[in-house]
Amino acid sequence: MTTHIGRQLKILDEVLHERDAQDAIFGVQDLPHGTGDEWMGAMAHVSRRECDEAFAAGSGTFRHVFLEEVYEAVAEDDPVKLRAELMQAIAVGVKWVEAIDRAGEEAP
């Protein structure tokens with residue numbers, strides 16, 4: 001039986017391998033953030049509301065939580081806050097993959 005920490009380490013190892021593959025294909029990239037505009041802020045607000053409503057109705061999903069975190073990140077223009085929001089989105093992504101793995105499903 002895989003432990004909680006063991007499962008997370010396996011997933012994070014997969015993330016590191018994917019990152020290495022990205023660098024092999026594209027090289028190191030220092031692109032602009034492209035975050036913090038008014039439209040992204042509106043999307044974050046809508047996503048937060050949809051997430052709250054879904055969970056209040058008992059129909060909340062990982063999609064709701066993940067998109068809320070992603071939109072909160074792309075709405076942020078302060079680099080320190082952006083980093084914190086990205087970490088939350090990444091953590092929710094890992095949590096979602098953990099749930100898929102626990103259910104015995106394989107990622108594509």
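Note that the coordinates shown come from a computational prediction; the quantities given were computed from them, not determined experimentally.

Parameters and conventions
- Residues numbered from 1 in each chain as written.
- Predicted model: local features only at pLDDT ≥ 70, side-chain atom pairs only at ≥ 80, totals over all residues.
- Heavy atoms only, no water.
- Helix = DSSP H or I, 4+ residues; strand = E, 2+ residues; numbered from the N terminus.
- Expected span 1.5 Å × (residues − 1).
- Buried < 20%, exposed > 50% of the residue type's maximum accessible area, 1.4 Å probe, protein only.
- Arc of directions from axis to C-beta.
- Phe/Tyr/Trp six-rings, centres within 6.5 Å; stacked < 30°, edge-to-face > 60°.
- Contact = heavy atoms within 4.5 Å.

Caption draft 1: Structural view of helix 2 (residues 38–56). In this model, helix 2 (19 residues) spans 27 Å end to end at C-alpha, consistent with the 27 Å of a helix rising 1.5 Å per residue. Residues of helix 2 that are buried: M40, A44, S47, C51 and A54. Buried residues along helix 2 cover an arc of 100 degrees about the axis, so they all sit on one side. Within helix 2, the exposed residues directed more than 90 degrees away from the buried face are E38 and A56.

Caption draft 2: Looking closely at the packing of aromatic side chains. All chains considered together, the criterion is met by two aromatic pairs. An angle of 15 degrees between the planes, with centres 5.8 Å apart, marks the rings of F62 and W96 as stacked. Remark: W96 occurs in helix 4 (residues 79–102) and F62 occurs in helix 3 (residues 62–75); sequence separation between them is 34 residues. Judged by relative accessible area, F62 falls into the partly exposed class, the value being 28%. Among the aromatic residues, those joined into a cluster by ring pairs are F62, F66 and W96.

Caption draft 3: Representation of the environment of A73 in the model. One can find A73 in helix 3. Note on A73: relative accessible area 1%, which makes it buried. Sequence-wise, A73 and R83 are 10 residues apart; in three dimensions their C-alpha atoms are separated by 7.8 Å. Those residues in contact with A73 that sit more than four places away from it in its chain are T35, L82, E85 and L86.

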